[in-house]
Amino acid sequence: MPIHEKSLIEPERILTKESLVVDGVDVSGHWNTMILPRTITEYDDTFEDKIKQYPTAANVHRCWQCGSCTNSCTVYALNTRFNPRYWIYLTRLGLKDELVKDKDIIWQCVSCNKCTNICPKDVRPEGVMKALAHWMEDEGITEKRPSTIFDEEFWEQIAERGRIEEGSILMNFFKKTAQPLKQDWLVDVVKRMTKHLPLGALIHSGLHFVFKPKVKSWDRTGQVLKEYINEKKGAVHG
Ligand code: SF4
Ligand code: SF4
């Protein structure tokens, strides 16, 4: 189903004439706006399948373009260029270059999931937005967002030890995102912890921060998890 939305057409392709006569008939005022045609040849017919390899976008093929996701979208209400229906349409057609034109806004989804709740086909548009943003990071089209860097740090600790240690996650996240380790809010949290937590709990978390223990018998489980993730990544980048 083609998209007909004036906001999606480049302004230079929209022609408006004050007066228009066609075959001797004055149609001014009725047919005074025309769209210059364009030819697109760069369809990638593997693209939809590639995006479907991201687990959150597995249902993208179900979309029937009803537009409910866009109509309900929190970000669309503020910026009409943020258009989940349109991006799902482009994904299904394999028009990667068109998607990349919106690389600076696709990641702005706030995960409110209003689109997912309203979608009649269980496409889960929020997950598709996430998958597209991840695809752009994976392809080097956009830089990794802080949320991705945080997720990676979280995952690395789980894979390695079967548990996370909050202090190390924060510290490594700050380092990787070039943020100062000493932040006012963090100092405040530490002060409150030392004031309110029992001494035993403080010693326990201090020991975990220093020695980073693993969950018992984690090595094999962690290995299986890593293999699974690598297999999934291989399917995406294959
Ligand atoms: S609400 Fe669902 S079916 Fe409708 S356009 Fe959005 S993703 Fe497609
Ligand atoms: S989850 Fe994202 S795409 Fe869906 S309605 Fe909210 S902001 Fe829009």
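These figures come from a predicted structure and were not determined experimentally.

**Student:** I'd like to hear about the overall build of the protein, residue by residue, with values.
**Tutor:** Of regular secondary structure, the protein possesses twelve helices and four strands. For 238 residues, the compact-globule estimate of 2.2 N^0.38 gives 18 Å, and the C-alpha radius of gyration of the protein, at 25 Å, exceeds that figure by more than 25%. For the protein, buried positions account for 16% of its 238 residues. Summarising the internal contacts of the protein: among those between residues at least 6 apart in sequence, 63% fall at separations of at least 24.

**Student:** Tell me about the environment of T148, residues and numbers included.
**Tutor:** Checked against the element boundaries, T148 lands in helix α8 (residues 146-161). Between the alpha carbons of T148 and E137 there is a distance of 9.0 Å; along the sequence they are eleven residues apart.

**Student:** I'd like to hear about the site of ligand 2, residue by residue, with values.
**Tutor:** For ligand 2, the set of nearby residues contains 15 residues, the closest of which are C73, C109, C112, C115 and E126. If you list the elements that add at least two residues to the shell around ligand 2, you get α6 (114-118) and α7 (125-138). Broken down by element, the shell around ligand 2 gets its largest block of residues, three residues, from α7.

**Student:** Lay out the site of ligand 1 in plain terms, naming residues and giving numbers.
**Tutor:** Taken together, 14 residues are adjacent to ligand 1, and C63, C66, C69, C119 and V123 come closest. Of all the secondary-structure elements, those providing two or more residues to the shell around ligand 1 are α2 (68-72) and α3 (84-93). Of the residues that constitute the shell around ligand 1, the class distribution is nine nonpolar, three polar and two charged.

**Student:** Before we move on, can you summarise α8 with the specific residues and values?
**Tutor:** An ideal rise of 1.5 Å per residue puts 22 Å on 16 residues; α8 measures up with 23 Å between its terminal C-alpha atoms. Directly beyond the C-terminal end of α8, a positive phi value near 80° is found at G162.

**Student:** Tell me about the packing of α8 against helix α9 (residues 166-176), and name the residues and values.
**Tutor:** Helix packing geometry: the angle between the two helix axes and the distance between the axes. One way to put it is that α8 packs onto α9 with a least axis distance of 10 Å and a crossing angle of 140°. Here α8 lies oblique to α9, going by the angle between them. Crossing angle aside, the handedness with which α8 passes α9 is right-handed. For the pair α8 and α9, the contacting residues are I149, F150, E153, F154 and Q157 in the first and S168, I169, N172, F173 and K176 in the second. Residue composition of the contact of α8 with α9, grouped by class: five nonpolar, three polar and two charged.

Analysis parameters
Residues numbered from 1 in each chain as written. Chains lettered and ligands numbered in written order. Predicted model: local features only at pLDDT ≥ 70, side-chain atom pairs only at ≥ 80, totals over all residues. Helix = DSSP H or I, 4+ residues; strand = E, 2+ residues; numbered from the N terminus. Rg over C-alpha atoms; globule rule 2.2 N^0.38 Å. Buried ≥ 20, exposed ≤ 12 C-beta atoms within 10 Å, placed from the backbone. Contact = placed C-beta atoms within 7 Å. Near = placed C-beta within 6 Å. Nonpolar A, V, L, I, M, F, W, Y, C, P; charged D, E, K, R; others polar. Expected span 1.5 Å × (residues − 1). Axes fitted to C-alpha atoms, helices over the stretch in contact; angles between N-to-C directions. Parallel < 35°, antiparallel > 145°, perpendicular 65-115°, else oblique. Left-handed = near helix turned anticlockwise from the far one by under 90°.

Read these as geometric descriptors, not functional statements.
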